[in-house]
Amino acid sequence: MPENPENRDKDIPENTEQPPGGEKEAEGKGTGEKKMRFTWKKVLMAAIALVVVGSLVQVIARSGGFGGALNTTGDNQENSKREPQKIKKPSQKPKTIELGEQKIPRESGPIIVLNPGLVTPGGKATVEGAGFDAKSTVDLFLKTSAKQNEGKGISAVKTDKSGSLNAQINVPENVRKGAVLVAQQRDADKVAEAQLVSGGVVGTVKINKQVGKPGDSVSLSIRGFGAGERIDVFWGRVGGKPDATLTADGSGGIGRADVKVGVAPTGVSTLILVGKKSQTTATAPFQVLGLYPTLKSSPYALKAGQRINVSSAGFAPQERVLFYINSASGVPAFTANADADGNVGAVSFDVPFGLEGEQSVAAIGERTRAVVRAAFQVMPYTPTAEPSTYSGKAGTRVSFYVTGFAANETVTLYAGGPNGEAKKITTFQVDAKGAAEAVGSYPITKADEGGVAFKLVGNKSGGEAKASVNSTQQEGQQGQGQ
């Protein structure tokens, strides 16, 4: 049946009455809903505000107060100025299992490694790590020994989303044997360690030039040795007597030390420094040039028994120099030591008897084996003899005036006729000038009246003088020296 709009209100009675208190209940319900929505907004805003404030307080506290700078780059300027910090230890030791006779951790924890594994003082190293919390801050500390509980901050780095880190650090110049790098996560007990310098036996040396010859001066800059330590300097070798000894300062280095290039094989060589106490070693390449010494002899021409002077230059400093005559091996004729500049002053020696003609003298450095030669000429002796008379009868005595023999040598007088062999008559000694007067007296015999020849021979020089006397002629034959 069609609905009658007029009777619509009649079919459904309108209930205009409200239960007692119903209006108030409805009003109260509506008011409660409004209050509930208002309360949750305030709670949410308050929570957000607390989180922000807490974060700011934490950041300010870590950065050293309102006057500090926020470090998010891992820069080590802030940390390098810190006082030594207490290094944390993990609250629980990791559980282990046995592998053979060795115990190994059952679970992987924080770990750091250094690349390169052997770091020289003053150099750079890369620190790689894993096992830390994601997006956390890790402080890097340096301990001078494994037993130390405090370390000096050298850097702070942020880990990535996987808890890994990668940072480059500058190794301090004064790092010593046993130094340990510690990576410690902030607000956590995650700590890892790594050896910073393996063995602590590597020093550094810089040289102002890479080419030179023994005796040249070079300047060295040295780091990484013990404080006040004595340092031996070697060229091309280790061991034996050092070429020089230096002393490190309080930091274990030497800003500048001037030394002379020592003796080393010609070509590519090495400068080696060794600490006497720590045995720390530092090396530097060096090109050793060959030595070309010089040698002079004076006079150039002389006779055996006379003195010759030789001088040389260009050897290694303080080197022993061996001098040889007509040879370059065996027992040297004499030796001399070069001075601090590698020079050998005038050395004199007497030319030995038996040498005649062109001769040579060689000078050889005992350590460098540098060699140089010079020539000199040994002239023969040509003495003369003049008899006291050129004619005489039997019974006449003849003596001789001689010159040109070697100094102070013994001279033998021989006499012989034209049809007979010479026979020894007597000997005599000449003076320091090789001369003598009225020596070698000889009586003329009947057999000598037809003439007699004389020969005078120096025992050392081998020099020979001749003379003759003819007793049957008014004019004697003058003796000639040969």
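Residues numbered from 1 in each chain as written. Predicted model: local features only at pLDDT ≥ 70, side-chain atom pairs only at ≥ 80, totals over all residues. Heavy atoms only, no water.

## A short note on the overall build of the protein chain
Here is step 1: Per the secondary structure count, the protein chain includes three helices and 33 strands.
Here is step 2: Counting across all 482 residues of the protein chain, residues that qualify as buried make up 35%.
Here is step 3: Expressed as a percentage of contacts within the protein chain between residues at least 6 apart in sequence, the contacts between residues at least 24 apart total 59%.
Here is step 4: Accessible area for the protein chain stands at about 28800 Å²; split by element, carbon and sulfur atoms hold 51% of it. (Helix = DSSP H or I, 4+ residues; strand = E, 2+ residues; numbered from the N terminus. Buried < 20%, exposed > 50% of the residue type's maximum accessible area, 1.4 Å probe, protein only. Contact = heavy atoms within 4.5 Å. Areas by Shrake-Rupley, 256 points an atom, 1.4 Å probe, with all protein chains shown as cover.)

## Some words on the sheet that holds strand β23 (residues 334-337)
Here is step 1: Ordered in space as β20-β26-β25-β22-β23, the five strands form an open sheet in which the pairing is mixed. Looking at the sheet topology across the chains shown, the edges are occupied by β20 (301-303) and β23. Pairs of neighbouring strands in the sheet enclose a mean axial angle of 35°, with direction left out of account.
Here is step 2: Pairing between β20 and strand β26 (residues 371-379): three bridges, direction parallel. Within β26, the position partnered with K303 by the bridge is M379. (Pairing = 2+ DSSP bridges. Axes fitted to C-alpha atoms, helices over the stretch in contact; angles between N-to-C directions.)

## Description of the environment of L302
Here is step 1: One can find L302 in strand β20.
Here is step 2: Overall, the relative accessible area of 3% leaves L302 in the buried class.
Here is step 3: In this structure, the C-alpha to C-alpha distance between L302 and Q377, residues 75 residues apart in sequence, is 6.3 Å.
Here is step 4: Dropping the residues within four chain positions of it, L302 is found in contact with R307, I308, V351, F376, Q377, V378 and M379.

## Overview of the environment of G392
Here is step 1: Mapped onto the secondary structure, G392 falls in the loop between β27 (384-387) and β28 (397-403).
Here is step 2: Owing to a relative accessible area of 10%, G392 belongs among the buried residues under this scheme.

## Overview of the pattern of salt bridges
As a working rule, side chains carrying opposite charge can pair if their charged atoms are close by.
Here is step 1: Per the stated rule, a full pass over the model turns up 11 salt bridges.
Here is step 2: A salt bridge links R237 to D243; the shortest N-O distance between them is 3.4 Å.
Here is step 3: Look at R237 and you get partly exposed, because its relative accessible area is 25%.
Here is step 4: Taking relative accessible area as the criterion, D243 reaches 27% and is therefore assigned partly exposed.
Here is step 5: Residue D243 is joined to R367 by a salt bridge in which the shortest nitrogen-to-oxygen separation is 3.6 Å. With D243 in the loop between β14 (230-235) and β15 (244-247) and R367 in the loop between β25 (357-365) and β26, the pair connects residues that are 124 residues apart, well separated along the chain.
Here is step 6: Three or more residues are tied together by salt bridges with common partners; here these are R237, D243 and R367. (Salt bridge = Lys/Arg side-chain N within 4 Å of Asp/Glu carboxyl O.)

## Quick word on the sheet that holds strand β4 (residues 111-115)
Here is step 1: Taken in spatial order, the three strands line up as β4-β5-β8 in an open sheet, and their pairing is antiparallel. In the strand order of this sheet, the two ends are held by β4 and β8 (165-170), each with one partner. Here the strands of the sheet are splayed against their neighbours by 25° on average, with no regard to which way each runs.
Here is step 2: Bridge count between β4 and strand β5 (residues 124-130): five bridges; the pairing is antiparallel. Bridge pairing in β5 places I112 opposite G129.

## Some thoughts on the packing of aromatic side chains
Here is step 1: In total, this model carries six aromatic pairs according to the counting rule given.
Here is step 2: Lying over the aromatic face of Y414, K455 brings its terminal NZ or CZ to 5.7 Å of the ring centre. (Phe/Tyr/Trp six-rings, centres within 6.5 Å; stacked < 30°, edge-to-face > 60°. Lys NZ or Arg CZ within 6 Å of the ring centre and 35° of its normal.)

## Some words on the nonpolar core
Here is step 1: In terms of nonpolar packing, the biggest core is built from 28 residues, with L295, V310 and F323 touching the most fellow members.
Here is step 2: The element that contributes the greatest number of residues to this core is β26, accounting for four residues.
Here is step 3: Excluding its chain neighbours within four sequence positions, the residues that come into contact with V310 are L295, K296, S297, F323, F334, G345, A346, V347, F349 and V361.
Here is step 4: Residues V205, L246, I254 and L271 belong to the second largest nonpolar core, which totals 22 residues. (Core = buried A, V, L, I, M, F, W, Y, C linked by side-chain atoms within 4.5 Å.)

## Things to note about the pairing of β26
Here is step 1: Alternating residues of β26 divide into V372, A374, F376 and V378, all buried, and V371, R373, A375, Q377 and M379, none buried.
Here is step 2: In this structure, β25 lies alongside β26, joined through eight bridges in antiparallel fashion. Across the sheet, residue E358 finds its bridge partner in β26, namely Q377.
Here is step 3: Turn length for the β25-β26 hairpin, with the two strands adjacent in sequence and antiparallel, is five residues, and the turn residue R369 shows positive phi of about 60°.

## So, the confidence of the model for the protein chain
Here is step 1: In the predicted model, the protein chain carries a mean pLDDT of 78, and 70% of its residues have values of at least 70.
Here is step 2: Counted against residues more than four places away or in other chains, residues 63-82, with its pLDDT under 50, gives 27 contacts.
Here is step 3: Counting contacts from residues 473-482, a segment whose pLDDT is below 50, to residues more than four positions away or on other chains yields 24 contacts. (pLDDT = per-residue confidence, 0-100.)

## Some details on the environment of K161
Here is step 1: Position of K161 among the secondary structure elements: in the loop between β7 (150-158) and β8.
Here is step 2: Classification of K161 as exposed rests on a relative accessible area of 74%.
Here is step 3: Not counting residues within four places of it along the chain, the set of residues in contact with K161 comprises A134 and K135.

## A look at unusual backbone geometry
Excluding glycine, a negative phi dihedral is what most residues carry, and trans is how most peptide bonds are arranged.
Here is step 1: Cis peptide bonds are those with omega within 30 degrees of zero, and the linkage from S298 to P299 qualifies with -5°.
Here is step 2: As for its placement among the helices and strands, P299 is situated in the loop between β19 (294-298) and β20.
Here is step 3: Positive phi values are uncommon outside glycine, yet D187 reaches one of about 55°.
Here is step 4: Looking at where D187 falls in the secondary structure, it is placed in the loop between β9 (180-185) and β10 (191-195).
Here is step 5: Classification of D187 as exposed rests on a relative accessible area of 56%.
Here is step 6: Residues other than glycine seldom take positive phi values, yet Q318 does so here, at roughly 65°.
Here is step 7: Among the structural elements, Q318 can be located in the loop between β21 (307-313) and β22 (320-325).

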